[in-house]
Amino acid sequence: MLHNSPRTNILFFHYVSPVWSRIPFASVNLLTACTAVKQNCGVIFVAYLYVIVAFGWSILWSIAFVGVYDQVIATVNGENTINYGYYFLLFLSFFFTHQVIQNCTHVTVSGTVGSWWFSPEHSGCCSGGVMGSVIRTLTTSFGSVCFGSLLVAILQATKAVAQAARGEDGGSFLLCIAECILQCLADILEYFNKWAFVYVGLYGYSYIEAGKNVWTLFKNRGWEAIIADDLISNVFFFLSLSVGGVCAGIGYAFNENSFGGIFADAIDTGLSVSTTNAVLGFIIGLVLSSILFSTIGSAVNAVIVCFAEGPAEFEANHPELSRKMRETWLQFYPNCGA
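## Points about a nonpolar patch on the surface
Point 1. There is a patch of nonpolar side chains on the surface, built from Phe237, Phe238, Leu241, Val279, Leu280, Phe282, Ile283, Ile284, Val287 and Leu288 and spanning about 880 Å² of accessible area.
Point 2. Of all the elements in the fold, those that place two or more residues in the nonpolar patch are helix H11 (231-252) and helix H12 (273-309).
Point 3. No other element matches the seven residues that H12 contributes to the nonpolar patch.
Point 4. Overall, the relative accessible area of 54% leaves Phe238 in the exposed class.

This is the structure in structure tokens:
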């Protein structure tokens, strides 16, 4: 249970103090992103479609892993021995495919926001902006998506090997350090990809060219502070937890007698039916809301880049939103011109 201790208050103050002035600009970014997604709502269905593909791949990979289990982990003299070559390749395929699917979603959303930003007449539920972005993502930009995804997947698979080796070695300190370093590198590269793939979605740049353009843009325009502005992602995280909590409460309301006893023959998990339904409700609510919020989060990233790249087009096509964004930007970041 959390207590309202002086130490907690101090930590909260140190977090709120530096980010408080960023809230208005972050709010306008969120408003703009939500407007773009709302006017191109078909992109949400595309995001859920990608998730269905990811779920199917997870099932297929699990079946494949079980099929080659004896080749990956052999028992010698009563001890498990891991074939690290097979182990690495298996997890490389798993992480690579999931990274590709995740980044395809990001590129698709970025391209859709770009179409709304520069050519609003193409907006609509299943408009040319949405479908064109999907087609570009899966054709001309697919190589860039795969290249960036492979770099992260290699680090993640290597970390999985290090983790397995540490388990066999009884928790080696050096392997623990290596695992930590690999995780940090993977996080940094994923963060870089988040912005690079915005350019891939907007302009169809190659992965390397997109990365150069993003960092050059932020460096020249003084936007380094904006990259660190993760207020919106924090809000989405807590909203996802809240939705999960609500769904858990709804699930808990159902017991073995609900709906004519259809839950009475549920799988025995060692928990009561109500508790099992609450856990399932929380997971389902968390996953579905996270997909929706991640779509809006990708749109926010695209808005930030578009605002730096095409403010004149924004003013011409969406004058009211442009005015709000300019006002908050100049108010709290007077040293960085819009």
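## Here's the deal with the packing of helix H5 (residues 84-118) against helix H8 (residues 173-203)
Point 1. At a minimum axis distance of 7 Å, the contact between H5 and H8 shows a crossing angle of 45°. Between H5 and H8, the angle is such that the two are oblique. Considering only the axes of H5 and H8, their crossing is right-handed. Contacts from Gln99, Gln102, Asn103, His106, Val107, Ser110, Gly111, Gly114 and Phe118 in H5 reach Glu190, Asn193, Lys194, Phe197, Val198, Val200, Gly201, Leu202 and Tyr203 in H8.

## Looking at the nonpolar core
Point 1. Counting residues in hydrophobic clusters, the biggest one holds 60 residues, and the most contacted among them are Val113, Trp117, Val305, Phe307, Phe314 and Met325.
Point 2. Dropping the residues within four chain positions of it, Val113 is found in contact with Ala36, Ala299, Ala302 and Val303.
Point 3. Counting 12 residues, the second-largest nonpolar core is a separate cluster that includes Tyr87, Phe94, Ala153 and Ala157.

## Section: the pattern of salt bridges
Opposite charge on two side chains makes pairing possible when the charged atoms of those side chains draw close.
Point 1. Under the counting rule described, the total for this entry stands at three salt bridges.
Point 2. The residue Glu315 makes a salt bridge to Arg326 at a minimum N-O spacing of 3.8 Å. Highlighted residues: Glu315 in helix H13 (residues 311-317) and Arg326 in helix H14 (residues 319-332), separated in sequence by 11 residues.
Point 3. In this structure Arg326 comes out as partly exposed when scored by relative accessible area, which is 26%.
Point 4. What emerges from the salt-bridge pattern is a single network uniting Glu320, Arg323 and Glu327.

## Observations regarding the side chain of Thr137
Point 1. Looking at where Thr137 falls in the secondary structure, it is placed in helix H6 (residues 128-138).
Point 2. Judged by its relative accessible area of 1%, Thr137 falls in the buried class.
Point 3. Not counting residues within four places of it along the chain, the set of residues in contact with Thr137 comprises Tyr50, Cys104, Val107, Thr108 and Phe142.

## Observations regarding the packing of aromatic side chains
Point 1. In the structure shown here, the tally under the stated rule is 17 aromatic pairs.
Point 2. Geometrically, the ring pair formed by Phe147 and Tyr207 is edge-to-face, given 5.4 Å between the ring centres and 75° between the ring planes. Here the residue Phe147 occupies a position in helix H7 (residues 142-168), and Tyr207 occupies one in helix H9 (residues 207-221), the gap between them amounting to 60 residues.
Point 3. Assessed through its relative accessible area of 38%, Phe147 is described here as partly exposed.
Point 4. Linked through ring pairs, Trp61, Phe65, Tyr87, Phe91, Phe94 and Phe95 together constitute an aromatic cluster.

## Focus on the side chain of Ser127
Point 1. Position of Ser127 relative to the elements: it lies in the loop between H5 and H6.
Point 2. Within the local environment of Ser127, its side chain forms a polar contact with the side chain of Asn40, the two groups lying 3.4 Å apart.
Point 3. Polar side-chain contacts of Ser127 include one of 2.7 Å to the backbone oxygen of His122.
Point 4. Apart from the residues lying within four places of it in its own chain, the contact partners of Ser127 are Asn40 and His122.

## Some thoughts on H8
Because the α-helix completes a turn every 3.6 residues, residues three or four places apart line up on one side.
Point 1. For H8, spanning 31 residues, the distance from its first C-alpha to its last is 45 Å, which sits close to the expected 45 Å at 1.5 Å a residue.
Point 2. Taking the largest bend as the criterion, H8 deviates by roughly 25°, centred on Lys194.
Point 3. Count one or two residues on from H8 and you reach Gly204, which has phi positive near 70°.

## Looking at the packing of helix H3 (residues 42-67) against H5
Point 1. Orientation of H3 relative to H5, taken along the N-to-C sense of each, is 175°, at an axis distance of 10 Å. Judged by the angle between their axes, H3 and H5 are roughly antiparallel. Contact residues: H3 offers Val43, Val46, Ala47, Tyr50, Val53, Ala54, Trp57, Ser58, Trp61 and Phe65, while H5 offers Leu90, Phe91, Ser93, Phe94, Thr97, His98, Ile101, Cys104, Thr105, Thr108, Val109 and Thr112.
Point 2. Class assignment of the residues belonging to the contact of H3 with H5 gives a composition of 15 nonpolar, seven polar and no charged.

## Brief notes about the environment of Val198
Point 1. Along the polypeptide, Val198 turns up in helix H8.
Point 2. In this structure Val198 comes out as buried when scored by relative accessible area, which is 0%.
Point 3. Distance in space between the C-alpha atoms of Val198 and Val214 is 8.7 Å, their sequence separation being 16 residues.
Point 4. Residues in contact with Val198, not counting those within four places in the same chain, are His106, Ser110, Asn301, Ala302 and Val305.

Rules used throughout
Residues numbered from 1 in each chain as written. Predicted model: local features only at pLDDT ≥ 70, side-chain atom pairs only at ≥ 80, totals over all residues. Heavy atoms only, no water. Patch = residues over 30% accessible without salt bridge, like charges linked within 9 Å, V, L, I, M, F, W, Y side chains within 5 Å. Areas by Shrake-Rupley, 256 points an atom, 1.4 Å probe, with all protein chains shown as cover. Salt bridge = Lys/Arg side-chain N within 4 Å of Asp/Glu carboxyl O. Helix = DSSP H or I, 4+ residues; strand = E, 2+ residues; numbered from the N terminus. Buried < 20%, exposed > 50% of the residue type's maximum accessible area, 1.4 Å probe, protein only. Axes fitted to C-alpha atoms, helices over the stretch in contact; angles between N-to-C directions. Parallel < 35°, antiparallel > 145°, perpendicular 65-115°, else oblique. Left-handed = near helix turned anticlockwise from the far one by under 90°. Contact = heavy atoms within 4.5 Å. Core = buried A, V, L, I, M, F, W, Y, C linked by side-chain atoms within 4.5 Å. Phe/Tyr/Trp six-rings, centres within 6.5 Å; stacked < 30°, edge-to-face > 60°. Polar contact = N/O pair within 3.5 Å; in protein donor to acceptor, adjacent residues only side chain to side chain. Expected span 1.5 Å × (residues − 1). Bend = angle between axes of the 7 residues up to and from the residue. Nonpolar A, V, L, I, M, F, W, Y, C, P; charged D, E, K, R; others polar.

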